[in-house]
Amino acid sequence: MENIIAILPLFPLVGLLIIQLFNNKSEVAIYRTAMLSVFGVIGSLVVLTVLWIQNGMGSVSFDGPILYHSKESEFGVNFFLDTFGWVYLMVSTIITSLIFKFSKTYIHREKGFKRFFSNMMFFYTGLLVVLLAGNLEILFIGWEILGVTSFFLIGFYRERYLPVKNALKVVSLYRIADIALLCGIWICHHYYGHSIHFSTLETLKGSTQPHIMNESFYHFMIPAIFLLAAMVKSAQLPFSSWVPRAMEGPTTSSAIFYGSLSVHIGVFLLIRTFPFWEENFVLRTMMGSIGVLTAIIATLTARVQPSVKTQIGYSSIAQIGLMFVWVSMGWSWLAIIHFACNAFLRAYQLLVSPSILSYRIHNQFFDFVKPKMQSTEGFFNKLKLTVYVLGLKEFNLDTMMFRFLWQPLKKAGNLFSFLNIQTTYVLAIPPFLVGFYAVFNQEFIPKAILSYLPEAFALFGLIFILKAFVERKSALNAWVLIMVNQLYQSLTFMFNEEFDMQQVGLFLSGILISTLIGIYSINKLRIQGEKVSLNRFHGHSFEHPRLAFVFALACLGLSGFPITPTFIGEDLMLGHIHENQYPLLAMLVLNIILDGLVIFRIYSRLFLGPHTKGYHEVAYRSS
Amino acid sequence: MSSNNTQSNTSTQEVPKDWLEGLKQNFSSDLTSGFIVFLLALPLSLGIAGASGFPPIMGVLSAIIGGVFATFLTGSPLSIKGPAAGLIVIVAGAVSEFGGGTIGWQLTLGVMVVAGLIQVLFGVLKFGKYVDIFPLSAIHGMLAAIGLIIIAKQVPVLLNVDPAMMKGKGPISLILHIPEFIANLDPKVSIIGAVSLVLMMGWPLIKQKHLKKIPAPLLVLLFAIPAGVFMGLKDGSPDYTLIKVGNIAEQVGWNVDFSGVSVVGVFIKYVIMVALVGSLESLLTVKAIDMMDPFKRKSDPNKDIIAVGVANTFAAVLGGIPMISEVARSSANVQNGGKTRWANFFHGVFLLIFALAAYPLLEMIPNAALAAMLISVGVKLAHPKEFTHMYKIGPEQLAIFLTTIFFTLFEDLLIGIASGMALKMVLHVLRGASWKSLFKAAIVVEEDGDEVNIHLQEAAVFSNYMAIKSRLATIPQGKHVFIDFTKLTLIDHSVMENLHHFIEDYTNAGGQVTLVGLEEMKAVSSHPLAARKAIIKSSIELKPGFDSAGRFDEEKVLHDLRHYLPEQAALKDFVHHNSLHAFQDKEFFDAIFTATEIFGIHSTFNINEYRKLYKQGRIRPDILDRVIVDNKGIDQLGKYIHTMLEKPFTHTNSPRIGRLRKKWKHQYHFDLNDRVQPILFRVIGAYLDQGIAIDHFPLTDNGLLAGIRQLEEHSFSSFFNSKRVRQLLLSDNLSLVHLLKIVVGKEAYYEQYIFDQQFSHKGWSGIIGAIETTPETLLFSKSIVLKEFIMLELLLEIDVLDTYAGKKWQSITTQIDVAPENYFAKVEHGELHEVLKLWQLAFEWDYYDEVLAALQNVALKKVKEQEPKKKSFQALFCIDDREDSIRRHFEYIDPNCETIGAPGFFGAAINFQAFGSKFYEKNCPVPITPKHLIKEVETKNQHKTEGSNKGLFGFVRSLALGFVATSRFAIDLYKPKMRPDIADAYSHMDIHGKLKVEADANPKFENGLQIGYTVEEMADVVYGLLRNHGMTSGLTDIVYLIAHGSSSANNPHHGAHDCGACSGRPGAVNARVFAHMTNHKGVRAMLAEKGMVIEDRTQFLGAMHDTASDEIRYYDRSSLTQVNFKKHEENLKSIEKALDLNAMERARRFASIDITKDISNVRQKIKERSVSYFEPRPELGHGTNALCFVGSRPMVSDMFLDRRAFHQTYDYKSDPDGSILKAVLGPLPIVCGGINLEYYFSRMDIEKMGAGTKLPHHVMGLIGVTNSADGDLRPGLPLQMIENHDPVRLLMVIEQNPSLVLETLKSSPENYEWFDKGWIHLVVNSPEDNKLYRLENGAFVLYTPQSVVNHSNNILGLIGSTKEMESNHILDATKENIPVHIYN
């Protein structure tokens, strides 16, 4: 039975690989492969369910091979299934199979038929990994896959401006959730001293490491960070506004992602991490309040939206808000039932949303009563008008993200606009060499200075990544700056007394390869006479789809996506940050977030968006 | 230092002499002044030294050295040297860090010796000039902070608190402990302190001239010493009450100790501080005193530092406190008439004498009195006026000032001043200076005879002022200097002030200075010397011929705008029309290439696509040759063949539209559209929403702006952030022109801007224009005009600019460097356009020629065999191209039936009202305004509706519905069936209901429409239609009137699949009404009178063909006679077979249907398509339409035209005068031409002219679709409707005599234009000679087709013969269009 759990994610993964063998025109083959893998999952699920029921429906865990082992941490392939996971799994599989069937005809003859199915398969793989993950590290892998596929499916119509812009917007927010989860892993490492198995979560309580400085801090921080991740992914306040903007892809992908499966994953994360915060009354109150507030605000917003998908999106968010409330009250079973119903309903509603036009218009012929003019007098009426205006503006949630998140980062980055390529390298190399020398000659450096060196190098890295963030001219420059930043990051870790060259090696291995591939791709474009500046979208995927794919892989590698060992390295090295090095942690977190944004930005600017050459149809910016 | 130049220009008398001559010349005045300064200096020196932790007498020692010794070195004759309050903080810090007490003092002296030497070095290296690097506000901030620290430290002394209480407390905590100090004060001494403080603070207020002469410190001493004696402080009080001075002679000696060097950090820190701050203060003093000097002497600052440095070293060795050129004493010196350096000397001498002789007297001074003096100095340094003064120069100066104070208080002086400088640089960068320019000389000097031009460039700020200053210093005296500010982005307060001094000095020296372009810069505050920022970043030369005059004609612009915007109304009323109707007054190619140039659309394929079509054989070489020869002449053939096939061309894409508005992005580096459009679309979407939102826009009855204004007034929230916009919105004189003035600026650009703006979202603007002209397109009526929408957008633009571009943004034309552009000016077409035109013609004629060859072939054949046959039944169809195939199959299955084509409203131009419906539907071609209303008066089945709501309480609903919905959905995926939310072609009218067709005897009217037709009117309609279609005799027993509609699921564009001749609605009502009319006895009687006899056995039966599901349903079958009912049952069999075949023919295009399967299976699949949610192509609509045949059916009934032709039945024989032709042709161009061109343009540019792919569409407000929550409406056809379409213009073929056709056409100019300007091709098949004539340049020319005619006798085989398209690219998709065949 345990082995079946481990096999489940392999079905779509293998399917995904097989799909790559076909070309875009082989729609039937692609579709059948996809369906077969889903049926594989369904078949295994049936067997699994039967066995599971026989065994009393307790939780099941699978301990797989250990991918990396060192004295302070290990990274194992562990899977875990309990009732909640099982329900989510069933719902996901049903919805996915329905959507695949639907898409076969719906996406028929679309330029990106294969791209669509590949992404959907990848998404499904990621989802299974999240649902079945036995520890936080494995969960994180699935979590990242959800984020990346989201990016590609929001920007599915990559030749238009808005999908690409919104894909970037959403993935930037997702990045925050990803990093929150990464921090969660970090804190758990320090709190428990080893990676956490969900199967043993209940027994962990109280078994803390003696060296923890500030217990109450950790008690609060661990769940708070999971809550943050859940809030972002499940679009709770103040992050709600990304959902309608994510509905840029084909209706089917919007339905599966933002109507049903992806957007509820935050609720699942909270259920999964329940033991972490079970006794934390403050946090539960927070969670509940966020849920209630979201339910109210999202409902008020949904009620006034003139676009049907936006309305469904906000309605769904409101329901998820309620799920947060149930979870906060400890009623996870209610949340999971609610999830199933809501996921089904919203997927359905989104899929049939285009029919609202004929349906409502037909009804209006017979039922229409012109509403009375809203009165403007009296406090209550004024309040109604106020709520209307706020609802229509989505309670300013979207502008807020722009003004308080992106604008300040941009401004910070612009402070370094005086750094041009030469000065950057001149500035980057000597301190790095000094630092590198210092690593191996630490005895020469006064203690007082030594303790500040990691922060200093982290700060350097941050400056370079900020610079890359606002770089407008050269993609190559920005790309190399990312690597410079990563090098500085690794320097930061080298000063740790538990420093292990092997870990840095793991970390850098993926990064160096990815950087080289990236440089190769950018240069290839440049040699072919294409523009590679970052001041606008170039849409090179129109003429260079293969290169776009290669570069996308390089981007994933560079951003620590779990396709290279970098991911493990990153995890390990993060583990070396001491509990009391908050400034360092803060800088690194900001750094990793920015780093992801920069990478996605470079990819988008180069390969996505309206293609600049005028020989074919290009959509308006506003469409 | 704040400049006090009240006396600056009182005299131009002779400059006092220096040295000994000066001593003689000014002996008395210098002596007097020296004495007064001595009085001032004595107590302060004691106090400062005491407060610094030095023995008090050491302050006096320094002042003595400063006077007696430094006098002979100084370069600044009027400055007085002595201990400075400003150094207290530093020196005290050093003393305490070195351990305090005597050791601290001696080690500090070591620091001072080094600092003094460094000062000397500063002077030698002429560092004096670098004082300008330090921003004045930072220096002032530092001094203010020092003032605060002094106050904090002296308050306890004033209160005579035990110094033990002060131990170890920083300035902040000292201040915080004041209450504690007060609680512990020494009442007696405190009184002395308080009175002294009042004297110090109050004395300057005294206006009396003579009293004013008495220095306040003297007064304080005169009060405090006797008071102390009186109170017996010497014996009765703690020993810290009075100062201890001691004999100077006993204390002076080798006091210095250099062992402090061992604490390197501390030592260096204080060396730097003392040297830096001391020099800085001295230099500033020198500068300030120079300004006060009535004789305008210029000091040498470097020499002065040297003097101070040497004196400091000397003093330090002997134990004295550091000295500077002290500003308060120096200015007192000037004010009291001091004229030369001897004043300083005398002051020193007096001090020396006093210290030696009268020191016991000094020991009677209470510390509290000295504290009072120091506090008053501190207050002066940190006076509130300093704060307001800074603020007046500019808020940023205050920020620097405060930052410096903050860091000085909490860190130390160096960090304080550094932070002030750093902030200033950051501010400069934020103001637009680049980091680089901050350190680059920003000055170019050109000398030209007596004129000197100084050009300041980029940023002139404190950090690069040095360079400017040194250039200014090289300018020879006495010239006319022009200082040019126009190339400057930024000038700061420091430079402004320094320039001001330069100008003053230069003019005093006899020169002349003129400032150029200073007024063009914007001051950050009203202070004359405030920092300034450029309004104009760079002055661009205007292009020659630049003219920005021009008037704005609001009405005309709005009219033109509506004209050019897409005309598409709400989607429920989808009607095909020419997407470029605004250009229809031009010749076709001129029009499309003009539109391309203006709007950036694609109106043909690109050159490579044509070339590929050529290579694939889809454009045949002989046709290409013929097109070239026809257009260019035979001698150009070779050249053009080469050009068209080989010559490289690049397509450029730089439309005219949008050029002006692009400048926002360049100007403010953010995208205006990104910020404006989301909220704009949201507001307008909500405003026009027909029923998606649960809470509708509350106030829509009085127009858009009125609604928003009311929301603004009555809600607590707003769509706008900017106060100004809110005021604008609510103001009475809000007008379009006013807003344009703000945003655009120059009037000449208004029109261009509005076009740019509205075409950046032509979908929304277009629908607003359409609603403005046809408000009935909305069921939930909303009052809206385009003008208000534009105004709203302008308001939002102002809002966004106010919010993100800062308050000082400029209208877009402020820095414009191009003349306003007329977007609709004539477009010159280049060679590429010529080539594309020829290619498109070749592409079109490749197909046409095939058709015409077949037609000629058939025509010749038909002449031979013309035998009448016994007809089984007649069926009147719509002319629609989709009915081409069904008609062919009718005739194939039952060769004896006859099909006739007529516009699908069958002459009944009506409004229809379903039973219980609250609205009318218009069922006739768009240009016709119906006069009649047909009501459904009875139904068997009530029209069903469901309520729905969402939201917070949707919880219960979602719980219950989730599983239900999904099960239902899963079933539908495998077995689709009709659901309430699927657009059912048959649902608009109950098939078993009754219509009121005949009017009452006295016709009733409703909303100006007559309910039903009178018998006469019916007779007219029937007569017209039957006559036009040659149905005057020989009617069969049953005549079917088969309208058409289309069912589809999940398809917002379903209206585009219904009948174009019925305003995009199913035509069943019209068929039914027409059947009713023809079956009416009274009508038949009237017709008989006109000679048109309809026999009683003949019955007309209304029906409707669902073009998606391939079903035909019949209306009012119960009215059939028994005989006819039987016949109908018979006919049904053949009709069903025909429908099977039709389904089969259509299915070949659908990849999801396997046409090798049983036909009933195919039929079932076709039916399922029409109710499948997952099917974006329920049918293919008018895709591939290309022909319109006007003539008799037999001419084309044997031709396989692959559903590409409209068929209008017309019998030339019964129309000798062309009157029928005129009637028949009436609606054809607008209906068929409209469909054809909409497909043409959507196909050529699916993104800009079409709606793009359907798959991501959001339904917006029930009126349109968008791709995105924040996107524009997408007018035009979706990709799934046009992907198999060959974009060729319509070829109309008329069977009639050419000259009669021409004459008839010309009698209706608006129709003739379609043909004359080439929007529709016209060929006439002349029955007289069976030859074809093509309309060219207004005349018919013989056309001889050259294609080979295809023959086939297996129509089904033909249908099954083609392959599925590989992609929907034109090169693949339309390959499957089957060529014209003749069968039988």
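Residues numbered from 1 in each chain as written. Chains lettered and ligands numbered in written order. Predicted model: local features only at pLDDT ≥ 70, side-chain atom pairs only at ≥ 80, totals over all residues. Heavy atoms only, no water.

### Examining the interface of chain B and chain A
Chain B puts 129 residues into the contact, and the matching count from chain A is 103 residues. Where chain B meets chain A, there are eight salt bridges. A salt bridge links D674 of chain B to K165 of chain A; the nearest nitrogen and oxygen atoms lie 3.4 Å apart. With 15 residues, the top contributor of residues to the side of chain B that touches chain A is helix α40 (residues 954-974) of chain B. Residue classes in the side of chain B that touches chain A are distributed as 52 nonpolar, 45 polar and 32 charged. (Contact = heavy atoms within 4.5 Å. Salt bridge = Lys/Arg side-chain N within 4 Å of Asp/Glu carboxyl O. Helix = DSSP H or I, 4+ residues; strand = E, 2+ residues; numbered from the N terminus. Nonpolar A, V, L, I, M, F, W, Y, C, P; charged D, E, K, R; others polar.)

### As for the sheet that holds strand β8 (residues 512-516) of chain B
All names here are of chain B. Across the sheet, which stays open at both edges, the four strands sit in the order β3-β4-β6-β8 with mixed pairing between neighbours. Each of the sheet's edge strands pairs with one partner strand only, and the pair in question is β3 (443-448) and β8. With direction set aside, neighbouring strand axes in the sheet form an average angle of 15 degrees. The pairing of strand β6 (residues 480-484) with β8 spans five bridges and is parallel. Across the sheet, the residue bridging to F482 is T514, located in β8. Here helix α23 (residues 465-473) sits on the sheet and contacts β3 and β4 (451-456); the angle it forms with β3, its principal contact strand, is near 10 degrees. With respect to the sheet, helix α24 (residues 493-508) is in contact with β4, β6 and β8, its orientation differing from that of β8 by roughly 145 degrees. (Pairing = 2+ DSSP bridges. Axes fitted to C-alpha atoms, helices over the stretch in contact; angles between N-to-C directions.)

### So, the packing of aromatic side chains
Counted according to the given criterion, the structure contains 82 aromatic pairs over all chains. An angle of 40 degrees between the planes, with centres 5.4 Å apart, marks the rings of F226 of chain A and F276 of chain A as tilted. Here F226 of chain A, found in helix α9 (residues 215-233), pairs with F276 of chain A, found in helix α13 (residues 274-277); they are 50 residues apart in sequence, far enough to count as distant. By relative accessible area, which is 10% here, F276 of chain A ends up buried. Look at F387 of chain B and F401 of chain B: their rings are 4.9 Å apart centre to centre, the planes differ by 85 degrees, and that puts the pair in the edge-to-face class. On the criterion of sequence distance, the pair formed by F387 of chain B in helix α20 (residues 384-393) and F401 of chain B in helix α21 (residues 395-410) is long-range, its members being 14 residues apart. Using a relative accessible area of 26% as the deciding quantity, one classes F387 of chain B as partly exposed. Here a set of aromatic residues connected by ring pairs shows up, and it is made of Y31, F100, F113, F116, F117, F156 and Y157 of chain A. Above the face of the Y1023 of chain B ring, K1090 of chain B is positioned so that its terminal group lies 4.7 Å from the ring centre. The ring centre of Y620 of chain A lies 5.5 Å from the NZ or CZ of K1248 of chain B, which sits over that ring. (Phe/Tyr/Trp six-rings, centres within 6.5 Å; stacked < 30°, edge-to-face > 60°. Buried < 20%, exposed > 50% of the residue type's maximum accessible area, 1.4 Å probe, protein only. Lys NZ or Arg CZ within 6 Å of the ring centre and 35° of its normal.)

### Brief notes about the confidence of the model for chain B
Residue and element names in this part refer to chain B. Looking at chain B, the pLDDT average stands at 83 and 92% of residues meet or exceed 70. Note that pLDDT drops below 50 for residues 1-12; the model gives that stretch 20 contacts with residues more than four away or on any other chain. Taken together, the stretch residues 536-547 has pLDDT below 50 and engages in 14 contacts with residues farther than four places along the chain or on a different chain. The complex model carries a pTM of 0.74, and its ipTM stands at 0.93. (pLDDT = per-residue confidence, 0-100.)

### Some details on a negative patch on the surface
All names here are of chain B. A grouping of E446, D448, D450 and E451 is seen on the molecular surface, where their side chains present a negatively charged patch. Mapped onto the fold, D450 is located in the loop between β3 and β4. Judged by relative accessible area, which is 59%, D450 ranks as exposed. (Patch = residues over 30% accessible without salt bridge, like charges linked within 9 Å, V, L, I, M, F, W, Y side chains within 5 Å. Areas by Shrake-Rupley, 256 points an atom, 1.4 Å probe, with all protein chains shown as cover. Lys, Arg positive; Asp, Glu negative; His and termini not counted. Charge placed at Lys NZ, Arg CZ, Asp CG, Glu CD.)

### Focus on the nonpolar core
The biggest cluster of nonpolar side chains holds 478 residues, and the ones touching the most others in it are W242 of chain A together with L688 of chain B. Ranked by residues supplied to this core, first place goes to helix α7 (residues 161-192) of chain A with 22 residues. Sequence-distant contacts of L688 of chain B, defined by excluding residues within four places in its chain, comprise W764, I767, I768, I771, L778, K782, I784, G1261 and I1263 of chain B. Listed in part, the 112 residues of the second largest apolar core include A41, F98, V277 and L409 of chain B. (Core = buried A, V, L, I, M, F, W, Y, C linked by side-chain atoms within 4.5 Å.)

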